[in-house]
Amino acid sequence: MSDTWCKECKRPTEVVFDHSAGDTICSECGLVLESHSIDETSEWRIFANESNDNDPVRVGGPYNPLLTDGGLSTLISKPNGSSGEYLNSSLGKWQGRGANPDKNLISAFKGIAVMSDRLGLVTTIKDRANEIYKKVEDQKPLKGRNLDAILAACLYIACRQENKPRTVKEICSVANGASKKEIGRAKEFIVKLLEGEMGQSVEMGAIHAADYMRRFCSNLGMTNQEVKAAQEVVLKSEELDIRRSPISVAAAVIYIITHLSNDKKPLKDISVATRVAEGTIKNVYKDLHPHLSRIIPSWYAKEEDLKNLVNP
């Protein structure tokens, strides 16, 4: 209730709102001060046909500029339990005749969305992958090619371009059976196609070990102090002549940092979290070991701690 001026009581009085009738009523004299008022607050009543459908949304999806009709076309749903009658009805026939020209595109976008959700990627990366796929499909038919590998390659390129790279193994884990080799070939095909369209090289951004560090550390349940130290180490390691992949360097740095703390992580766990082979981590560790005094922050470990660090 709130106070409103009542012309009958000739003073501000508390009023009651009758939402069903839309009336504003004085609580003292009962005079209807306003009738048929419009409630401008959100309405969350359910208008679904099925009783078990609790989704209050009554609008379609957002406008999609990549689709011919913007994704705003209408689909006539089938009546419950009467699929046969529906197909023989005039509505069913017209629905079948009106073939959606973006049917394959919508299916591809759904595939990208599923992979993005499984990897926990943000919407901007998913949208960028959709744009890349749209350009590829407009340039050249994809008939006969591995569609799952094409979609995975689009997502890989989008991650690189948005400076949120994922490893090929991570992309491969959600690519519905597409192998690393197939994704690699699809990536080369897409890059070559886009370079031919734009007449210039495709910018995908350089990969740094720091790009993977926070995610790998989170998967291993490392503390904030360990994460901070690991990030400092990988930044300093870029000044060294360590000719290893950024992912391998990140895995080796995590091994070093955890073994300088009280919560030592087994080499096998680090290998699983980073998808880097145990032998590769050992080799990168050997490359970094002579430079530990330069790259390990003094606030994190003392000189004697570094001397006691043993090979994995």
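We now turn to the structure provided with this report. (Residues numbered from 1 in each chain as written. Predicted model: local features only at pLDDT ≥ 70, side-chain atom pairs only at ≥ 80, totals over all residues. Heavy atoms only, no water.)

**Topic: helix α5 (residues 147–161)**
Piece 1. Taking 1.5 Å per residue as the helical rise, α5 with its 15 residues ought to reach 21 Å, and the 21 Å between its terminal C-alpha atoms agrees with that figure.
Piece 2. Of all the 15 residues making up α5, 12 are buried; the element is thus mostly covered by neighbouring parts of the structure.
Piece 3. Taking the backbone nitrogen of Asp-148 as reference, a side-chain oxygen 3.1 Å away marks Asn-146 as the first, capping residue of α5.
Piece 4. Two residues or fewer after α5 comes Asn-163, characterised by a positive phi angle close to 60°. (Helix = DSSP H or I, 4+ residues; strand = E, 2+ residues; numbered from the N terminus. Expected span 1.5 Å × (residues − 1). Buried < 20%, exposed > 50% of the residue type's maximum accessible area, 1.4 Å probe, protein only. Polar contact = N/O pair within 3.5 Å; in protein donor to acceptor, adjacent residues only side chain to side chain.)

**Notes on unusual backbone geometry**
Piece 1. Phi is positive for Asn-163, which is not a glycine, with a value near 60°.
Piece 2. Judged by its relative accessible area of 54%, Asn-163 falls in the exposed class.
Piece 3. A positive phi angle is found at Asn-176, which is not glycine, with a value near 55°.
Piece 4. Considering the arrangement of structural elements, one finds Asn-176 in the loop between α6 (168–172) and α7 (180–198).

**Let's talk about the environment of Ala-230**
Piece 1. Tracing the sequence through the fold places Ala-230 in helix α9 (residues 224–237).
Piece 2. Put simply, Ala-230 and Tyr-300 are 70 residues apart on the chain and 9.9 Å apart in space, counted from C-alpha to C-alpha.
Piece 3. Beyond its immediate sequence surroundings of up to four residues, Ala-230 is in contact with Met-213, Cys-217, Val-253 and Ile-257. (Contact = heavy atoms within 4.5 Å.)

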